[in-house]
Amino acid sequence: MAIDTPSSLDLRRLSTAELRAERDRLRGLLEQAPRDRARELARASAHRAEADQTLEQLTATNGQERNGAGMLRRRWPAEPAATDRAAALLARQQADRAADTELRLRQHQQRRAGWLEANAHLGPAYRQVVRELAWQRRATAVAAEHEQPGYLRGELGPVPESTRGRRAWRQAAATIEDYRRTYHLTDPEQALGRMPREPAQRAAWQHARQAITRVQGRQHRIDHDRQPQRGAASRRQAIDRHQQDQPPTRTERAVPPGRSGPERAAG
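Below: a short report on this structure. All of these numbers come straight from a predicted model, not from anything done at the bench. (Residues numbered from 1 in each chain as written. Predicted model: local features only at pLDDT ≥ 70, side-chain atom pairs only at ≥ 80, totals over all residues. Heavy atoms only, no water.)

**A word on the overall build of the protein chain**
Phase 1: Helix and strand counts for the protein chain stand at nine helices and zero strands.
Phase 2: Scanning the protein chain from its N terminus toward the C terminus, one meets helices and strands in the order α-α-α-α-α-α-α-α-α.
Phase 3: Counting every position in the protein chain, which comprises 267 residues, the buried fraction comes to 25%.
Phase 4: Look at the contacts in the protein chain between residues 6 or more apart in sequence, and 69% of them connect residues 24 or more apart.
Phase 5: Accessible surface, the protein chain as shown: approximately 19600 Å² in total, 51% of it carbon and sulfur. (Helix = DSSP H or I, 4+ residues; strand = E, 2+ residues; numbered from the N terminus. Buried < 20%, exposed > 50% of the residue type's maximum accessible area, 1.4 Å probe, protein only. Contact = heavy atoms within 4.5 Å. Areas by Shrake-Rupley, 256 points an atom, 1.4 Å probe, with all protein chains shown as cover.)

**Quick word on the packing of helix H1 (residues 16–30) against helix H4 (residues 122–147)**
Phase 1: Contact geometry of H1 with H4 gives a least axis separation of 9 Å together with a crossing angle of 150 degrees. Classified by the angle their axes make, H1 and H4 are roughly antiparallel. Here the hand of the crossing between H1 and H4 comes out left-handed. Between H1 and H4, the residues in contact are Thr 16, Leu 19, Arg 20, Glu 22, Arg 23, Leu 26, Arg 27, Leu 29 and Leu 30 and Leu 122, Gly 123, Ala 125, Tyr 126, Val 129, Val 130, Glu 132, Leu 133 and Gln 136, respectively.
Phase 2: Residues of the contact of H1 with H4, tallied by class, amount to 10 nonpolar, three polar and five charged. (Axes fitted to C-alpha atoms, helices over the stretch in contact; angles between N-to-C directions. Parallel < 35°, antiparallel > 145°, perpendicular 65-115°, else oblique. Left-handed = near helix turned anticlockwise from the far one by under 90°. Nonpolar A, V, L, I, M, F, W, Y, C, P; charged D, E, K, R; others polar.)

**Observations regarding the nonpolar core**
Phase 1: One finds Leu 152, Leu 156, Trp 169, Ala 173, Ile 176 and Leu 192 to be the most contacted residues of the largest nonpolar core, which totals 17 residues.
Phase 2: Breaking this core down by element, the ones donating at least two residues are helix H5 (150–156), helix H6 (163–182) and helix H7 (199–245).
Phase 3: Every residue in contact with Ile 176, bar those within four places of it in the chain, is listed here: Tyr 151, Leu 152, Leu 156, Ala 191, Leu 192 and Ile 212.
Phase 4: Core analysis: the next-biggest nonpolar cluster, separate from the first, contains 11 residues, Leu 29, Ala 33, Trp 115 and Ala 125 among them. (Core = buried A, V, L, I, M, F, W, Y, C linked by side-chain atoms within 4.5 Å.)

**Remarks on the packing of aromatic side chains**
Where two aromatic rings form a pair, the distance of their centres and the angle of their planes describe that pair.
Phase 1: One pass over the full model with this rule turns up one aromatic pair.
Phase 2: A centroid spacing of 5.0 Å and a plane angle of 45 degrees characterise the contact between Tyr 179 and Tyr 183, whose relative ring orientation is tilted.
Phase 3: On the basis of relative accessible area, Tyr 179 is assigned to the buried category, the value being 3%.
Phase 4: Tyr 183 gets classed as partly exposed once you look at its relative accessible area, which sits at 26%.
Phase 5: We note Arg 180 situated over the ring of Tyr 151; from NZ or CZ to the ring centre the distance is 3.7 Å. (Phe/Tyr/Trp six-rings, centres within 6.5 Å; stacked < 30°, edge-to-face > 60°. Lys NZ or Arg CZ within 6 Å of the ring centre and 35° of its normal.)

**Focus on empty space enclosed by the protein**
Phase 1: Across all of its chains, the model carries one cavity of 30 Å³ or more by this definition.
Phase 2: For the largest cavity, the calculated volume is near 40 Å³.
Phase 3: Together, Pro 160, Gly 165, Ala 168, Val 215, Arg 218 and Gln 219 line the largest cavity.
Phase 4: Listing elements by their share of the lining of the largest cavity, those giving two or more residues are H6 and H7.
Phase 5: It is H7 that contributes the most residues to the lining of the largest cavity, three residues altogether.
Phase 6: When its residues are assigned to classes, the lining of the largest cavity shows three nonpolar, two polar and one charged. (1 Å grid on protein atoms, 1.4 Å probe; cavity = no way out; pocket = protein on both sides within 12 Å on 5 of 7 lines; lining within 4 Å. Points joined across faces, edges and corners; volume = space filled by probe spheres on them.)

**Quick look at the side chain of Glu 177**
Phase 1: Within the secondary structure layout, Glu 177 lies in helix H6.
Phase 2: Salt bridges are absent for the buried Glu 177, whose nearest opposite-charge side chain, Arg 180, sits at 4.7 Å.
Phase 3: Within the local environment of Glu 177, its side chain forms a polar contact with the side chain of Tyr 151, the two groups lying 2.7 Å apart.
Phase 4: Not counting chain neighbours up to four residues away, the residues in contact with Glu 177 comprise Thr 140, Ala 144, Pro 149, Tyr 151 and Leu 152. (Lys, Arg positive; Asp, Glu negative; His and termini not counted. Salt bridge = Lys/Arg side-chain N within 4 Å of Asp/Glu carboxyl O. Polar contact = N/O pair within 3.5 Å; in protein donor to acceptor, adjacent residues only side chain to side chain.)

**Some thoughts on the pattern of salt bridges**
Phase 1: Taken as a whole and judged by the stated rule, the model has 12 salt bridges.
Phase 2: The residue Asp 24 makes a salt bridge to Arg 23 at a minimum N-O spacing of 3.2 Å.
Phase 3: For Asp 24, a relative accessible area of 39% corresponds to the partly exposed category.
Phase 4: By relative accessible area, which is 22% here, Arg 23 ends up partly exposed.
Phase 5: Between Arg 137 and Asp 178 there is a salt bridge whose closest N-O contact spans 2.8 Å.

**Notes on unusual backbone geometry**
Phase 1: Positive phi, normally seen in glycine, also occurs at His 184, with a value near 60 degrees.
Phase 2: Looking at where His 184 falls in the secondary structure, it is placed in the loop between H6 and H7.

**A look at H1**
Phase 1: Here H1 is 15 residues long and its end C-alpha atoms lie 21 Å apart, about the 21 Å a rise of 1.5 Å per residue gives.
Phase 2: Within the sequence span of H1, burial applies to Thr 16, Leu 19, Glu 22, Leu 26 and Leu 29. Along the axis of H1, the buried residues cluster in a sector spanning 145 degrees; they form a single face. (Expected span 1.5 Å × (residues − 1). Arc of directions from axis to C-beta.)

If you want it as structure tokens, here you go:
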């Protein structure tokens, strides 16, 4: 039976909270579909084929032995024949169980295919909502990069110059903005505020805080890597200034400017 869902929803007019609610609703409907058991069916089919092959081999071997015993008029001991019959019976039972398992899984997959066909609109609708949320997230990150409000600069610092750094900054900014918009935060200085008590909001707060920590850790590593270079440059500058401040040596005072020692000696 198909599950009804609105088909004329204008996603561009929905807020982020409304889009998330619609995404969660569609996800809940999709989760009602029978579970995909294709891998189990493939294994059951392979197991059934092996069981059939084993049964066929045992049946053929027993038939050949009976035919040979009749032609040669040889009396076979009773015990091996009973063992063969028991092995064939066990193989048939295993083959029957394997066939039943395969049939049960095929019926389940058929029910799943029927459910998906009857509710084929749910998948595209869910993907559209997810794409719209992703677009809003990117637009929010770009706007935050251009505006750079105080609470973002206080948590994330300035936008990095590198491509990877800018991408990480945008992702963290989008996460912060999503949290603020979802929970209606308007503080111009505090990006997230205190950790909330409500479980869902606390999980969102922790997710945003982790994004901030990643950006801060990345910037700290970059600054740490630059410190040795800055120290070496400062030492070189200090050495150059020290050499410039030193008075000229006796040899340097004896040689007139513009003439080298050998030229003066040659007259």
